[in-house]
Amino acid sequence: MPTRGSAGFAASVKRAVRRQALRAVYRTDLRRPLDPHLAVYGAYWNRGVACNPAAIHAKARELVPHIRGVWVVSSRHRDRMPDGVPYVIEGSRPYWRAMATATYLVNNSSFPGGFTKRPGQRYLQTHHGTPLKTMGLDQRAYPVLARKTDFGKILAHVGQWDFSLSANPHTTEIWDRVYPAPRGASYERLDLGYPRNDVYFTATADDIAKIRAGLGIPEGRTVLLHAPTHRDYRDGFAPDLDPDRLARRLGPDYVVLVRAHYFYGRSAVVGDAARGGQVIDVTGHPRVEELCLAADALIADYSSLIFDYACLDRPIVVHAPDWAAYRAARGTYFDLLSGRPGDTPGPVTTTPDELADVFRTGRWRSPESAALRAAFRERFCPYDDGHAAERVVRRFFAPAGRDEAGPGPRPAGHSGPTSASAPAFPANRNQ
């Protein structure tokens, strides 16, 4: 009679044999002609339709409808796929066929399994945020990061890129340094803005109202969003902000939205205030852009969301009680807490009492706060104007050798909606 151990060994062998068989079929598919009308999309390590690739996919359906789009998703996240959006499961036979024959590849992270980039394929690396924390090769200086990072693999991945997308000059400078193309390879910088931010300039007041109603937010409430990033020096989601305590301090006119980082694979912990509707766990909400549009202010930490939210020209409060520990473990490119225009987007707090006082005194929306935010937007949002997706689609899907990006980004100083807005990327159910 098979034991648990022998059954596990047999299953492991079966999986290995299957992988080898799929790789053999993949090598055969690599000899097939490329499909000039097929694009493969991926986001956040196969977590579904999201971020810049989602915005590009939506705009491609409009501008180049002859290009068929298919998404790569892991089996555990397939339930996140919108109805009518074609997808393949990572590592499956359809996945390897799509990777072997697609002409266009779009991702904000990387495709799974180690694929072979073919001549004639075009790979757009969109990235998924403006870098405050160290990235790429710069992580070699931080032992906690260096021990778990394969820098050779990073460079091999960069060698596959044809295009690298940037949202601002700061990002372009960092990407050029930390993601150098290996010898014999090169990629083109696309300083065109982040398509995922387009919705901040196109959403309407009705869109805002629908999102807030869908989240269960009563009319007339002031909505604060807190979506902290992960900490490399911590295990698990342990937020520095107690949303229940903050909600009680601010009173019933405020609602706090809390979103745990996806790396933790769990929801935020909310307490008694949630029962009164003052604290809402929005970790499972599929579109962080909608949460930003619903919020009247962002309680930021070190997440790149701070740069996206700045497009809305709404108040930002930086709550950073562990700034010293974060900088020591991860490293950062500038001092977010310096108070200098261009570095700091608004008031800075390091204790719960300071945070509550910023809102109770009105300092969060003071003229001084607005001046800091304007300088921050000028530095980090110069390319975002509501048309980034169109520029990227026209450039990336243009025939090789032709640049059809269209007009460049508008200069800094433009504004998005000023009060909370819209289903970020409505799905075309007909594809």
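Higher on the page you've got the structure.
Below, the structure is looked at part by part. (Residues numbered from 1 in each chain as written. Predicted model: local features only at pLDDT ≥ 70, side-chain atom pairs only at ≥ 80, totals over all residues. Heavy atoms only, no water.)

For the protein chain, the helix and strand inventory stands at 16 helices and 13 strands. Residues classed as buried in the protein chain amount to 54% of the 431 residues present. Carbon and sulfur atoms provide 52% of the accessible area of the protein chain, an area that totals close to 18,900 Å². (Helix = DSSP H or I, 4+ residues; strand = E, 2+ residues; numbered from the N terminus. Buried < 20%, exposed > 50% of the residue type's maximum accessible area, 1.4 Å probe, protein only. Areas by Shrake-Rupley, 256 points an atom, 1.4 Å probe, with all protein chains shown as cover.)

Sheet strands pair by backbone hydrogen bonding; their relative direction is either parallel or antiparallel. Taken together, the six strands give an open sheet; going across it, the order is 10-9-8-11-12-13, and neighbouring strands pair in parallel fashion. Edge strands, defined here as strands with exactly one partner in the open sheet, are strand 10 (279–281) and strand 13 (348–349). When strand 8 (residues 222–226) meets strand 9 (residues 254–258), the two strands line up parallel, connected through five bridges. Bridging across to strand 9, Leu-224 finds its partner in Val-256. Along the sheet, helix 14 (residues 352–360) makes contact with strand 8, strand 9, strand 11 (297–300), strand 12 (316–319) and strand 13, crossing strand 12 at roughly 170 degrees. (Pairing = 2+ DSSP bridges. Contact = heavy atoms within 4.5 Å. Axes fitted to C-alpha atoms, helices over the stretch in contact; angles between N-to-C directions.)

Looking at helix 5 (residues 151–158), one finds that the buried residues are Phe-151, Ile-154, His-157 and Val-158. All buried residues of helix 5 fall inside an arc of 115 degrees around its axis, so they share one side. Where helix 5 is buried, its residues touch strand 5 (122–125) and helix 4 (143–146). Between a side-chain oxygen at the N-terminus of helix 5 and the backbone nitrogen of Gly-152 the separation is 3.2 Å; the capping residue is Asp-150. (Arc of directions from axis to C-beta. Polar contact = N/O pair within 3.5 Å; in protein donor to acceptor, adjacent residues only side chain to side chain.)

Within the largest apolar cluster, 59 residues are counted, with the highest numbers of intra-cluster contacts made by Val-40, Phe-111, Leu-124, Tyr-179 and Phe-397. Here this core takes five residues from helix 3 (residues 93–101), the largest share from any one element. Setting aside residues up to four positions removed in sequence, Val-40 forms contacts with Val-70, Val-72, Ala-98, Met-99, Ala-102, Tyr-104, Leu-105, Val-106 and Phe-111. One finds Val-199, Ile-280, Cys-292 and Trp-323 within the second-largest nonpolar core, a separate group that totals 40 residues. (Core = buried A, V, L, I, M, F, W, Y, C linked by side-chain atoms within 4.5 Å.)

A separate point is the environment of Arg-196. Mapped onto the elements, Arg-196 comes out in the loop between strand 7 (188–191) and helix 7 (199–202). Residue Arg-196 is classed as buried on the basis of its relative accessible area of 4%. The spacing of Arg-196 and Asp-384 is 188 residues in sequence and 9.5 Å in space, taken between C-alpha atoms. Of the polar contacts made by the side chain of Arg-196, one reaches the backbone oxygen of His-128; its length is 3.1 Å.

Between helix 2 (residues 51–63) and helix 16 (residues 388–396), the least distance of the axes is 9 Å, while the angle of their chain directions is 65 degrees. Taken together, the axes of helix 2 and helix 16 lie roughly perpendicular to each other. Handedness of the crossing formed by helix 2 with helix 16: right-handed. Between helix 2 and helix 16, the contacting residues are Ala-55, Ile-56, Lys-59, Ala-60 and Leu-63 on the first element and Ala-389, Glu-390, Val-392, Val-393 and Arg-394 on the second. Class assignment of the residues belonging to the contact of helix 2 with helix 16 gives a composition of seven nonpolar, no polar and three charged. (Parallel < 35°, antiparallel > 145°, perpendicular 65-115°, else oblique. Left-handed = near helix turned anticlockwise from the far one by under 90°. Nonpolar A, V, L, I, M, F, W, Y, C, P; charged D, E, K, R; others polar.)

Right, let's talk about helix 6 (residues 169–178) for a bit. Every α-helix winds through 3.6 residues per turn, so residues three or four apart in the chain are directed the same way. By the burial criterion, the buried members of helix 6 are His-170, Thr-171, Thr-172, Ile-174, Trp-175 and Val-178. Residues of helix 6 that are buried make contact with strand 6 (163–166), strand 7 and helix 15 (367–380).

Burial of the side chains of strand 12 extends over both faces: Ile-316 and Val-318 are buried on one face and Val-317 and His-319 on the other. Sheet topology note: the strand 11/strand 12 ladder contains three bridges and is parallel. Paired with Leu-298 across the bridge in strand 12 is Ile-316. Viewed along the sheet, the connection from strand 12 through helix 13 (residues 323–330) into strand 13 turns out right-handed. (Right-handed = clockwise from strand over helix to strand, strands pointing away.)

With that settled, the discussion passes to the packing of helix 9 (residues 243–250) against helix 14. Two measures define how a pair of helices packs: the angle their axes make with one another and the distance between the axes. Running from N to C, helix 9 and helix 14 point in directions that differ by 40 degrees, and their axes come no closer than 10 Å. Comparing the axis directions of helix 9 and helix 14 gives the class oblique. As for the relative orientation of helix 9 and helix 14, their crossing is right-handed in sense. For the pair helix 9 and helix 14, the contacting residues are Arg-245, Leu-246, Arg-249 and Leu-250 in the first and Pro-352, Asp-353, Leu-355, Ala-356, Asp-357, Phe-359 and Arg-360 in the second. Grouping the amino acids of the contact of helix 9 with helix 14 by side-chain chemistry returns six nonpolar, no polar and five charged.

On to the pattern of salt bridges. Summed over all chains, the structure comprises 19 salt bridges. Of the charged contacts, one joins Asp-296 and Arg-212 as a salt bridge, the two residues approaching to 3.3 Å between their closest N and O atoms. Of the two residues, Asp-296 is situated in the loop between helix 11 (288–294) and strand 11 and Arg-212 in helix 8 (residues 205–214); the sequence distance between them amounts to 84 residues. The residue Asp-353 makes a salt bridge to Arg-249 at a minimum N-O spacing of 2.8 Å. You can see Asp-353 sitting in helix 14 and its partner Arg-249 sitting in helix 9, a full 104 residues away along the chain. On the basis of relative accessibility, which here comes to 39%, the residue Asp-353 falls in the partly exposed class. Take Arg-249: its relative accessible area is 27%, and that puts it in the partly exposed class. Overlapping salt bridges, with partners in common, bring together Asp-29, Arg-32, Arg-93 and Arg-97 in one network. (Salt bridge = Lys/Arg side-chain N within 4 Å of Asp/Glu carboxyl O.)

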